[in-house]
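A closer look at the structure
So you can see what is in the structure, the chains are spelled out below.
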Amino acid sequence: MKKTTTWERTGKQTVIVILLLVFGGVIAWNSYILFAVPEGYFGIWVWNSNAKLTYTNTATCLTKYEESGGSPSDMDGIYWGSLQKEKGKDYEVPIAVDGTRESFDHAMKTLMGNENAEVAGCYYVVIKGGIPVQAFWSNSNELLYYAERYAERFGQGEIEGDFYIGGKLMGRYPEAIIYYPVKSPPEWLQLTFSDRMRTSINYLRENGVYYIIFIAPLLIYLIIESLIKFVKKHKKETPALENI
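Attention here is on the structure that accompanies the text.

Cut-offs and rules
Residues numbered from 1 in each chain as written. Predicted model: local features only at pLDDT ≥ 70, side-chain atom pairs only at ≥ 80, totals over all residues. Heavy atoms only, no water. Helix = DSSP H or I, 4+ residues; strand = E, 2+ residues; numbered from the N terminus. Expected span 1.5 Å × (residues − 1). Buried < 20%, exposed > 50% of the residue type's maximum accessible area, 1.4 Å probe, protein only. Pairing = 2+ DSSP bridges. Axes fitted to C-alpha atoms, helices over the stretch in contact; angles between N-to-C directions. Contact = heavy atoms within 4.5 Å. Salt bridge = Lys/Arg side-chain N within 4 Å of Asp/Glu carboxyl O. Phe/Tyr/Trp six-rings, centres within 6.5 Å; stacked < 30°, edge-to-face > 60°. Bend = angle between axes of the 7 residues up to and from the residue.

**Brief notes about unusual backbone geometry**
Backbone torsion omega between tyrosine 173 and proline 174 reads 10 degrees, so that peptide bond is classified as cis. With respect to the helices and strands, proline 174 occurs in the loop between strand E4 (171-173) and helix H5 (193-237).

**Section: helix H2 (residues 101-112)**
Between its first and last C-alpha, H2 extends 16 Å over twelve residues, near the 16 Å set by a 1.5 Å rise per residue. Taken together, the buried positions of H2 are occupied by Ser103, Phe104, Asp105, Ala107, Met108, Lys109 and Met112.

**Focus: the sheet that holds strand E1 (residues 77-82)**
As summarised here, the arrangement of the four strands in space is E1-E2-E3-E4, forming an open sheet in which the pairing is antiparallel. Of all the strands in the sheet, just E1 and E4 have a single pairing partner and so form its edges. This sheet shows a mean twist of 10 degrees between the axes of neighbouring strands, independent of strand direction. In this sheet, strand E2 (residues 122-128) lies alongside E1 in antiparallel orientation, the contact comprising six bridges. Directly across from tyrosine 79, in E2, lies its bridge partner valine 125. With respect to the sheet, H2 is in contact with E1, E2 and strand E3 (131-138), its orientation differing from that of E1 by roughly 50 degrees.

**Let's talk about the pattern of salt bridges**
Per the stated rule, a full pass over the model turns up four salt bridges. As a salt-bridge pair, glutamate 86 and lysine 89 come within 3.5 Å of each other at their nearest N and O atoms. For glutamate 86, a relative accessible area of 41% corresponds to the partly exposed category. In this structure lysine 89 comes out as partly exposed when scored by relative accessible area, which is 47%.

**Some words on the packing of aromatic side chains**
A full pass over the atoms with the stated rule returns eleven aromatic pairs. Ring geometry for phenylalanine 104 versus tyrosine 123: centroids 6.0 Å apart, planes at 65 degrees, classification edge-to-face. With phenylalanine 104 in helix H2 and tyrosine 123 in strand E2, the pair connects residues that are 19 residues apart, well separated along the chain. Residue classification places tyrosine 123 among the buried positions, given a relative accessible area of 1%.

**Things to note about helix H4 (residues 142-154)**
Here H4 contains 13 residues, and its C-alpha end-to-end distance of 18 Å stays within 8% of the 18 Å for a straight helix at 1.5 Å per residue. A maximum bend of about 30 degrees is found in H4 at glutamate 148. Inspection of H4 places Glu142, Leu143, Tyr146, Ala147, Tyr150, Ala151 and Phe154 among the buried residues, and these make up the whole buried set.

Right, dumping it as structure tokens:
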């Protein structure tokens, strides 16, 4: 009977471990599909709620501006920005909107900002005729990336069609979003190479761990198998020393 070498035993044990890792990866991936997607759909209502809060806070800012003697229609336009509170700035002072974008942004941070960027999120608001007509909110800064291009496209009008922010989840008010993120950009947006690279990098950063779950065990398996074959081949090519 052929004697099993240490390397062969180690190789078999390694194969078993690798298969277990792959099996665990399959379970992890299926768990992600089963549980993360429903959370995403539930998240739509949270995102829409934050968009509604963005809308009502915009109305509050316009009211404060009118109370100070300004005309809300003077603020017609499109506003966007991060709601993350900057370090070293005082956001506890009373809201003082003077018609400038800077004062509006400061007021929005005071009303609904947070020191955590993801929790705070980003906003995009359209003001027309002295009242907010559309408000968007997302915890992804992709909203800011595409905001300027939408502003240039639609001026002070309403957004036409789906609002694309790189396939990220967002909320909208007064017309709520009732579906998962828009995956395909509108034809007029004309994505650049930079846009596509940005989207690809973000996708890999967010989903890379799931690819590693599958790829890493297979790479380890191939490396160990190659090493075992190399050692076995080296032993065959090296003549055994005879006892003298």
